[in-house]
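Listed below, chain by chain, are the residues.
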Amino acid sequence: MSAHYQPLVLTLVATGRRWGEATALTAGDGDLSARPATVRVTKAWKRNADRHWYVGPPKTKRARRTVALPDDLVDVLLPLVAGKAPDELLFTNTVGSQLSSSRFWTATWTPALDAACNPVLADGSPTPKPRG
């Protein structure tokens, strides 16, 4: 997986956030200097009746929460937050716009899973299966 998307995947795994919550995260939503560091879940991407995207409240009232972050994730997020305004999206596509879940799935996630399930050597040949 490209280095650009690794922080997003780590955040999804470490926090249990839904896609729409994670990709609506802004630089100001976290307190990375607190111990433990935290991130607030207060919003998520939604679609209106015309199928246009907007940021609104999370799926349920119970989904509004503060999530503690592991130190390893904080180390990954600090460079992303640095220099961003509090209202800037933390995770974007490679041109700085909102991430599309379907595009991410087909262009990034599925190829990463395929590569993990079918590893190859540097020359492109399949990794030999261990005997046992």
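Reference entry: report on the structure contained in this document. (Residues numbered from 1 in each chain as written. Predicted model: local features only at pLDDT ≥ 70, side-chain atom pairs only at ≥ 80, totals over all residues. Heavy atoms only, no water.)

### Remarks on the environment of Thr-26
Summarising the element assignment, Thr-26 is placed in the loop between helix 2 (19-22) and strand 1 (30-31). Through-space distance from the C-alpha of Thr-26 to that of Phe-91 is 7.9 Å; in sequence the pair is 65 residues apart. A distance of 3.2 Å separates the side chain of Thr-26 from the backbone oxygen of Pro-86, its partner in a polar contact. (Helix = DSSP H or I, 4+ residues; strand = E, 2+ residues; numbered from the N terminus. Polar contact = N/O pair within 3.5 Å; in protein donor to acceptor, adjacent residues only side chain to side chain.)

### What about the nonpolar core?
Residues Leu-8, Leu-32, Leu-69, Leu-77 and Phe-91 are the most contacted members of the largest nonpolar core, which totals 18 residues. Residue assignment for this core shows that the elements contributing at least two residues are helix 1 (6-15), strand 2 (38-41) and helix 3 (71-81). Element by element, the count of residues in this core is highest for helix 3, at three residues. Look past the residues within four positions of Phe-91 in its chain and what remains in contact with it is Pro-7, Leu-8, Thr-11, Ala-22, Thr-23, Leu-25, Leu-77, Leu-80 and Leu-99. (Core = buried A, V, L, I, M, F, W, Y, C linked by side-chain atoms within 4.5 Å. Buried < 20%, exposed > 50% of the residue type's maximum accessible area, 1.4 Å probe, protein only. Contact = heavy atoms within 4.5 Å.)

### What about empty space enclosed by the protein?
As enumerated under the stated definition, the model contains one cavity of 30 Å³ or more in all. Taken as a whole, the largest cavity encloses approximately 60 Å³ of empty space. Classifying every residue of the lining of the largest cavity gives eight nonpolar, two polar and one charged. (1 Å grid on protein atoms, 1.4 Å probe; cavity = no way out; pocket = protein on both sides within 12 Å on 5 of 7 lines; lining within 4 Å. Points joined across faces, edges and corners; volume = space filled by probe spheres on them. Nonpolar A, V, L, I, M, F, W, Y, C, P; charged D, E, K, R; others polar.)

### A few points about the sheet that holds strand 2
Strands sit in the order 1-2-5 across an open sheet of three strands; the sheet is antiparallel. Edge positions in the open sheet fall to strand 1 and strand 5 (65-68), since each of these has one partner strand only. In terms of strand pairing, strand 1 meets strand 2 through two bridges, oriented antiparallel. Bridging across to strand 2, Asp-31 finds its partner in Thr-38. (Pairing = 2+ DSSP bridges.)

### Description of the pattern of salt bridges
Applying the stated criterion to the full structure yields four salt bridges. Between Glu-21 and Arg-65 there is a salt bridge whose closest N-O contact spans 3.0 Å. Of this pair, Glu-21 sits in helix 2 while Arg-65 sits in strand 5, and the two are 44 residues apart along the sequence. The class for Arg-65 is partly exposed, based on a relative accessible area of 26%. (Salt bridge = Lys/Arg side-chain N within 4 Å of Asp/Glu carboxyl O.)

### Structural notes on helix 4 (residues 101-117)
Its axis deflected by about 30° at Trp-109, helix 4 carries its strongest bend there, up to four residues before the proline Pro-111. Residues Phe-104, Thr-108 and Ala-112 constitute the buried set of helix 4. On its buried face, helix 4 is in contact with helix 1 and helix 2. (Bend = angle between axes of the 7 residues up to and from the residue.)

### A few points about the pairing of strand 4 (residues 53-56)
Relative to strand 4, strand 3 (residues 44-47) runs antiparallel, the two being bridged by four bridges. By the bridge assignment, Ala-44 is partnered in strand 4 with Gly-56. Following strand 3, the chain reverses through five residues before pairing antiparallel with strand 4; Arg-51 in that reversal takes a positive phi of roughly 70°.

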